[in-house]
Structures are given as C-alpha cells and as structure tokens.
Amino acid sequence: MAVKLSVNINKIATLRNSRGGNVPDVLQAAINCQVFGADGITVHPRPDERHIRYSDVRQIKPIITTEFNIEGNPKEDKFVQLVLETVPTQVTLVPDTAGQLTSDHGWDTLKEAQYLREIIGVFRQAGIRVSIFVDPVADMVAAAADTGTDRIELYTEAFAKEFHHDRDEAIALYIQAAIVANEKKLGINAGHDLDMNNLAFFASSIPGLLEVSIGHALIADALYYGLENTIQLYKRQLVHSR
Ligand code: PXP
C-alpha cells in the first residue's frame, strides 16, 4: 500500500496571517488539498497562534473527508482541550517549547514515559489514534512502545540535512529505528524537511512507513507548480514505498 501523504497547511495560514484578512483562505485550501489527492490534512496549532489558529482547527474539522492530524504539545491544556473537542483521526504529540521556530527534537520516551503513558491514555480513551514525535534512536523507539502509543513519527530533519552528502549514511539510523518499531508493532509516520528530492528515497528505504506529513517544501513548490500538480508530484514519490 502506498504511503499516505498528509499535507501540513500551517504555511498557508502563515501567509494569510501576514496580511490580516482571509487571503489565502485556509479552509478552502484544506478542501482543495483533499480534492487534489492529499490523503490527509495536518495542522500544528501553537499557543501564540502565529500559524494555524485554534479557530481554524475547529472550522476545518467538519470539512475533512480524508484523515485529520493535529500536532502539538500536550503540556498546553488548551491543546488537549482542542483535540478532545475536535476528535481528529490522529493526534501527533510534539515536545515543542514556547516560541520555537519549528519542531526540533523528539520526545525522551525514557524520561517522559510516565507522563506520555497518561496523556496517550486520555486521547486513546477518546478514540483518537496517537503518534509521538521521536528522533531516530533505537532506544527511544523501543521505549515509545511502552507508552501505549499507536505510532511514532520519525523526525526527519537529520536525514534531510545529510541526504545530499551521503544518502546511505543519512538513512541508516532511520532504517534501524523502523526495524525496532516494526518489531514492537508500532506504526511509523515521518516528517520534517521531506521534499521532492529526498522523499522517494526515504519512503522506499523505510520498511513499514505508513504516512508522511509535509508542509514547508510542498507549499513552496506549489508556488511554481500549483497546488494540484504539486500534491500529485509528491504522491508519485510515494508509490514505490516498501
Ligand atoms: N512533523 C512535525 C511534528 C512538525 O512539527 C512539522 C512542521 O510543523 C512537520 C512534520 C512538517 O515539516 P515540514 O514543514 O518541514 O514539511
């Protein structure tokens, strides 16, 4: 089965917010991404609402015809309330610190085991699939299995950085992490800095990859190729996945 492409629409909200008003229309963009072939929509509300707003998330939920993935830090009570209210297909828990430019590290699943177990239980109880953001470290993936999470999301920035220099070196830790995840029966998602150049190699190298969420590069490519073409181009990178 092809890996699913969830389009992160935060950048569309960032563009809108830069001017006030409602151009571009984030709700329409979410509708269009799905019509153009996206397998899901991802949003990542942050407490300062500088990208997607909490009100956007509430408006987007009813127009979802695919999968809805909400990312964020569960240590923010407002985030937990929003997720429990909107009941997305999946919540991806990310240990962001306030004001962080973008996510830059995964959970320490050993140190935070007890906390993660409790909060994951809250979301699973509400019927929401849970994924947790982790670095490609076999021990962290192994410990993720003890938290009760359904999936992990592998943080791919390190892969993307090393890819142009040595792609085999870049992917090595991710393959090891995926093997551990498969052994532990954890589903595997991935995201961060995946793009048209590195996506096919990543997807075809990682056994059991289920979903990628992509924002920055995809929305930037849409400036040149248009949103519909770009989504189709990215989807084509995923057909030879393992
Ligand atoms: N996954 C997580 C947890 C993220 O925070 C982000 C960025 O918001 C992404 C995936 C998507 O990364 P990018 O915008 O680089 O495609």
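Before reading on, note that the structure itself is shown above.
The rules behind the values
Residues numbered from 1 in each chain as written. Predicted model: local features only at pLDDT ≥ 70, side-chain atom pairs only at ≥ 80, totals over all residues. Heavy atoms only, no water. Axes fitted to C-alpha atoms, helices over the stretch in contact; angles between N-to-C directions. Helix = DSSP H or I, 4+ residues; strand = E, 2+ residues; numbered from the N terminus. Parallel < 35°, antiparallel > 145°, perpendicular 65-115°, else oblique. Contact = heavy atoms within 4.5 Å. Buried < 20%, exposed > 50% of the residue type's maximum accessible area, 1.4 Å probe, protein only. Arc of directions from axis to C-beta. Phe/Tyr/Trp six-rings, centres within 6.5 Å; stacked < 30°, edge-to-face > 60°. Near = heavy atom within 4 Å. Polar contact = N/O pair within 3.5 Å; in protein donor to acceptor, adjacent residues only side chain to side chain. Areas by Shrake-Rupley, 256 points an atom, 1.4 Å probe, with all protein chains shown as cover.

Asks: Quick one: what's the story with the packing of helix 4 (residues 77-86) against helix 5 (residues 113-125), residue by residue and with numbers?
Replies: In the contact formed by helix 4 and helix 5, the axes pass within 10 Å of each other and the chain directions differ by 25°. Between helix 4 and helix 5, the angle falls in the class roughly parallel. Seen from helix 4, the contacting residues are Val80, Val83 and Leu84; seen from helix 5, they are Ile119, Val122 and Phe123.

Asks: I'd love a proper account of helix 11 (residues 227-236), names of residues and values included.
Replies: Within the span of helix 11, buried status applies to Leu227, Thr230, Ile231 and Tyr234. Along the axis of helix 11, the buried residues cluster in a sector spanning 100°; they form a single face. Where helix 11 is buried, its residues meet strand 1 (4-8), helix 2 (26-35), helix 9 (199-205), strand 8 (209-214) and helix 10 (216-225).

Asks: Lay out the packing of aromatic side chains in plain terms, naming residues and giving numbers.
Replies: Note on aromatic pairs: each is described by the distance of the centres and the angle between the planes. This structure, assessed with the given rule, holds eight aromatic pairs. Ring geometry for Phe133 against Tyr155: centres 5.0 Å apart, planes inclined by 50°, an arrangement best described as tilted. Linking Phe133 in strand 5 (residues 129-134) with Tyr155 in strand 6 (residues 151-155), this pair joins segments that are 22 residues apart in sequence. Accessibility expressed as a relative area gives 2% for Phe133, which makes it buried. Tyr155 gets classed as buried once you look at its relative accessible area, which sits at 6%. Taking 5.5 Å as the distance between ring centres and 55° as the angle between the ring planes, the aromatic pair formed by Phe159 and Phe163 counts as tilted.

Asks: Go over the site of the ligand, please, and point to the residues and values.
Replies: Among the 15 residues in the neighbourhood of the ligand, the closest are listed as Ser103, Glu153, Asp193, Gly215 and His216. Separating a nitrogen atom of the ligand from a side-chain N or O atom of Glu71 is a distance of 3.2 Å. Protein chains bury 94% of the 400 Å² of accessible surface belonging to the ligand in isolation.

Asks: Explain the environment of Gln90 to me, using residue names and the numbers behind them.
Replies: By the element assignment, Gln90 lies in strand 4 (residues 90-93). Along the chain, Gln90 and Leu15 lie 75 residues apart, while their C-alpha atoms are 25 Å from each other. For Gln90, the residues in contact, after removing those within four places along its chain, are Phe68, Asn69, Ile70, Ile128, Arg129, Ser131, Arg151, Asn189 and Glu211. Within the structure, the side chain of Gln90 is placed 2.8 Å from the side chain of Arg129, a separation counted as a polar contact. Polar contacts involving the side chain of Gln90 include one to the side chain of Asn189, which spans 3.2 Å.

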